[in-house]
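Chain residues, written in single-letter form:
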Amino acid sequence: MGLPGKPSKQSKPSKPDKLNKLGKHGKPMKGVKDMKTIVVFNQKGGVGKTSTVINLMSEFTTRGKKVLVVDLDAQRNLTTFCGVREADRSVIDWLTLKGGIDEITQTKKYGDIIPADRTLETELLRFASMPAFVIRIRDLLSKIPQDRYDVVLIDCPPAVNQLTAAALVAADYVLIPTEAEFFSADGVGRIAETIAQVRPLNQEIKVLGVLIVKYNSRRTLTQALEAKLGAAVERLLGCEIFRTKIRATVDVPAAQATGLSVKEYRRDSKAAKDYSALADEIENIIGDRK
Ligand SMILES: Nc1ncnc2c1ncn2[C@@H]1O[C@H](COP(=O)(O)OP(=O)(O)OP(=O)(O)O)[C@@H](O)[C@H]1O
Ligand SMILES: [Mg+2]
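Note that the structure is predicted; figures quoted are calculated from it, not measured. Within each chain, residues carry numbers counting from 1 in the order of the written sequence. By the order in which they are written, chains take letters starting at A while ligands take numbers starting at 1. Predicted model: local features are reported for residues with pLDDT of at least 70 only, side-chain atom pairs are reported and counted for 80 or more only, and whole-chain, interface and lining totals are derived from all residues.

### A word on the overall build of the protein
Alright, step 1. Each helix is a run of H or I in the DSSP string that is no shorter than four residues. Each strand is a run of E no shorter than two, and both are numbered from the N terminus. Looking only at helices and strands, one finds 13 helices and seven strands in the protein.
Alright, step 2. Comment: burial labels come from other C-beta atoms within 10 Å of the residue's own C-beta, placed from the backbone, where a count of 20 or more is buried, 12 or fewer is exposed, and between is partly exposed. Across the 290 residues of the protein, 43% fall into the buried class.
Alright, step 3. We call two residues in contact if the C-beta atoms placed from their backbones are at most 7 Å apart. For the protein, the share of sequence-separated contacts (at least 6 apart) that also reach a separation of at least 24 residues comes to 79%.

The following block contains the structure:
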């Protein structure tokens, strides 16, 4: 992409966007986009992106929200979790305009999914040759009736490529999961650069927050280090570290292996409580339309 520029600092919305967009009589203003797209992104692998999409999907659905998830990762972890077969139509058909959302989306236990395909990575060259591919996801999402979904969660592969760029261009918000151990000002800087590169195409992009996953209070992140990283996040991404941290527990992989959200797998799991608190934090920022 190679677009220069540092990320511009942005302040966190002080009240839910929903409130900001109410007209005089408390009704949503005409033409205001209500469906919120949250892109779960970190170019580093294995940091809890898919686990976060899965558990937020389930949490929001339980709260009565209409949720769509889009799997952009050739590993198909989210797709497999949702129980979609390899042979089924995928996000590639959607992105190459060979199928509309109604033909490709599948309705599963925790919401609707546009599934991934194993060949997504080899398709990257083809995507690169398509004119204006970088704005395609935004265009396709804008064609969905805005009252059909409240939240769209996009699960990204651990990479910076045409797909993740297109996802970031479509984002209202970016959520960045990370493991405390690997969390560094350097890593934050790289993510900030990637976001800065798409900003000319998406001036409205906001970083929802940095989410610490697999948190172990005995092992990870002293208060001093957390304060230092918090400052780096604020300076480079213009957001904060979520108050909620997702604690490390074997319940997360165990739940995933059985096709359940961690809350459904074990209601009193630490991670179930954390994901619920995270959903509260997110609703406070984006509004809780349902
Ligand atoms: N809170 C947690 N406690 C323990 N294990 C966790 C937790 N969150 C995620 N994991 C496990 O860590 C591994 C990586 O998580 P996940 O697949 O969500 O990361 P990812 O960022 O999507 O990876 P990739 O970049 O490969 O797509 C998985 O086995 C997952 O079950
Ligand atoms: Mg993943």
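Here the narrative resumes, following the displayed structure.
### Side note on the pairing of strand β7 (residues 206-213)
For a regular strand, side-chain orientation follows a simple rule: the groups alternate between the two sheet faces.
Alright, step 1. For β7, a buried count of eight out of eight residues is recorded, marking the element as mostly surrounded by other parts of the structure.
Alright, step 2. If DSSP finds at least two bridges between two strands, the strands pair. Two strands pair when backbone bridges link them, and strand β6 (residues 173-179) and β7 are joined in this way by seven bridges, in the parallel orientation. Within the sheet, the bridge partner assigned to Ile176 lies in β7 and is Val210.

### Some thoughts on the nonpolar core
Alright, step 1. Nonpolar cores are built from buried Ala, Val, Leu, Ile, Met, Phe, Trp, Tyr and Cys residues. These are joined into a set through C-beta atoms within 7 Å. Grouped together as the largest cluster of nonpolar side chains are 82 residues, with contacts concentrated most on Val39, Leu153, Ala167, Leu168 and Val174.
Alright, step 2. Among the elements that line this core, the one with the most residues is helix α13 (residues 270-286), at seven residues.
Alright, step 3. Apart from the residues within four sequence positions on either side, Ala167 is in contact with Val39, Leu72, Ile137, Ile154 and Cys156.

### So, the pairing of strand β4 (residues 111-114)
Alright, step 1. Here strand β2 (residues 67-71) runs beside β4; their pairing, made up of three bridges, is parallel. Looking at the pairing, Leu68 lines up with Asp112 of β4.
Alright, step 2. For strand β3 (residues 106-108) and β4, the ladder comprises three bridges, and the chain directions are antiparallel. Looking across to β4, one finds that Lys108 is bridged to Gly111.
Alright, step 3. Turn length for the β3-β4 hairpin, with the two strands adjacent in sequence and antiparallel, is two residues.

Don't take any of this as a statement about function, it's just geometry.
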